[in-house]
Amino acid sequence: MKVTVIGSGYVGLVTGACLANVGHKVCCMDADEAKIALLNRGRIPIYEPGLEELISQTVAKGDLEFSSNIDHACNFGEVIFIAVGTPPREDGSADLKHVLDVARSIGRHMQQDKLVISKSTVPVGTTARVLDSIRGQLAARQSSLTPRVASNPEFLKEGSAVSDFMRPDRIVIGTDSEQVRATFRELYAPFNRNSDRMLFMDIPSAELCKYAANTMLATKISLINEIANLAEHLGADMEQVRHGIGSDPRIGYHFIYAGCGYGGSCLPKDVRALQRSAQDHGCSMQILNAVEETNERQKHKLFKLINQHFGGDIKGLTLALWGLAFKPKTDDMREAPSRALMEALWQAGARVKAYDPEAMEVARALYPDTNRLQLCRSRDEALQGADALVICTEWQSFRVPDFELMQSHLREPLIFDGRNLYDPELMRSKGFRYYGIGRGASLCREDKLAYAGELSLKAS
């Protein structure tokens, strides 16, 4: 099939490259001419494992092309995906300007009947507005062409987006047309061979699926962080608790890792957008309000631990920071916990020496002031002369460091671990003072028991 993808960001590039990889002819279009020029030189503007190689292969085979010409893009494909951004407005709602601008452009330029698919994460009712926008432009042209629309939300995880697309656990499609269903079966046949993963439903239900999925995941993260904070007061170890509850198949192990909060481009934005949508329809979503409030507090958890350890005076200190991206296998720093931490440290008069395997250039663009932030070439360089190590991202390369080297580089053997990478008792045996998240306030076993006994006495 011939497919157009309008919007060559994270979702658009993955969608276009993966469809081209199985033999469809794909044109990825973007209004940003500099981005298109970069893509035509074989480079991509984001980091996503396997994506750059996949794009190079499909371009070389002639199955993928890039363009900034909207007229060419609208008439290239029989199917057009809208995959442009929906950034949050100040009130938390999704800004649909780019989506509706694309819909109007399609209506102005299409020369034959088209299937237009909403791939962007959009509030319920947006696909209907896309259809109205296309029809409005066709009416202005006095055209009798027939546009059809569908919702096909993406469920890609940054860091594994290519494999998620190639081996999906579900393909959600919103349509009330059997003709559209047949088109989707042909389009996605290469990804749907072993078992039928296609879930057809009405358009509003498909649009809500993406928001429901992300807010459910955000809820799990905030709830486990609340339990972890309680564990610190009770002298319990959240890692042991996690194994105890994760073994229950009704709960599972996914998204129950205590830490310094979630970030990225999806969960924070989608939680707020669904809250706003609920408000607009007179619904109260108190759980989601608590999810967001808990996450904002959790992003300041590491600063609170650091500040308490140093008696409220961290002016002039230098902190080594491992991890800038909001999660491993990406360079995305949007709403990353590292940003909240660094900004709080700077405000208190501290300096930061940071290292991340992929997000260094993004950090340099966000924070060009080298007096406050020194970006280091390696994790070990970041440690040199620092008063403590802080961990914000659970990159694999951080899991087994050289602890003796770490001790020799740090002014004090002190670690604030926002991702619980290390065992507190092991760290203590190596001479470190170690603060995790929900790790019994990093007390030794005897102190934990004594602390729990004190609480029991007080309660009685």
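Keep in mind that what you see is a predicted model, and the values were worked out from it rather than measured. (Residues numbered from 1 in each chain as written. Predicted model: local features only at pLDDT ≥ 70, side-chain atom pairs only at ≥ 80, totals over all residues. Heavy atoms only, no water.)

Participant: How do you make sense of the side chain of K353 when you look at a structure like this?
Facilitator: Looking at the element boundaries, K353 is found in strand β10 (residues 351-355). Lacking a salt bridge, the buried K353 has E381 as its closest oppositely charged neighbour, with an N-O distance of 6.2 Å. A distance of 3.2 Å separates a polar side-chain atom of K353 from the backbone oxygen of E381. Excluding its chain neighbours within four sequence positions, the residues that come into contact with K353 are T318, L319, A320, L321, Q374, C376, E381, A382 and Q384. (Helix = DSSP H or I, 4+ residues; strand = E, 2+ residues; numbered from the N terminus. Buried < 20%, exposed > 50% of the residue type's maximum accessible area, 1.4 Å probe, protein only. Lys, Arg positive; Asp, Glu negative; His and termini not counted. Salt bridge = Lys/Arg side-chain N within 4 Å of Asp/Glu carboxyl O. Polar contact = N/O pair within 3.5 Å; in protein donor to acceptor, adjacent residues only side chain to side chain. Contact = heavy atoms within 4.5 Å.)

Participant: So what exactly am I meant to see when it comes to helix α14 (residues 337-347) here?
Facilitator: Residues that lie three or four places apart on an α-helix share one face, since the helix turns once every 3.6 residues. Most of α14 is tucked away: eight of the eleven residues are buried. Listed in full, the buried residues belonging to α14 are P337, S338, A340, L341, M342, A344, L345 and W346. Turning to α14, the residues buried within the fold contact α13 (301-309), β9 (318-322), β10, β11 (373-375) and β12 (388-391). Where α14 ends, the next residue or the one after it, G349, has phi of about 95°, a positive value.

Participant: Please explain the sheet that holds strand β13 (residues 414-417) as it appears in this structure.
Facilitator: Strand pairs in the sheet, formed through backbone hydrogen bonds, run parallel or antiparallel to each other. If you walk across this open sheet you meet the six strands as β11-β10-β9-β12-β13-β14, and the pairing is parallel. The strands lining the two open edges of the sheet, one partner per strand, are β11 and β14 (433-435). For this sheet, the mean angle separating the axes of adjacent strands, direction not counted, is 20°. With four bridges joining them, β9 and β12 adopt parallel strand pairing. Bridge pairing in β12 links A320 to L389. The strands that α13 touches are β12, β13 and β14; relative to β13, the one it contacts most, it runs at about 155°. (Pairing = 2+ DSSP bridges. Axes fitted to C-alpha atoms, helices over the stretch in contact; angles between N-to-C directions.)

Participant: Sorry if this is basic, but what is going on with the packing of helix α5 (residues 97-109) against helix α6 (residues 126-140) here?
Facilitator: Geometrically, a packed helix pair is captured by the angle between its two axes and the distance between the axes. Contact geometry for α5 and α6: axes closest at 7 Å, N-to-C directions at 35°. In this structure, α5 crosses over α6, and the sense of that crossing is right-handed. Along its contact with α5, which presents V99, L100, A103, R104, I106, G107 and R108, the element α6 presents T126, R129, V130, S133, I134, Q137 and L138. (Left-handed = near helix turned anticlockwise from the far one by under 90°.)

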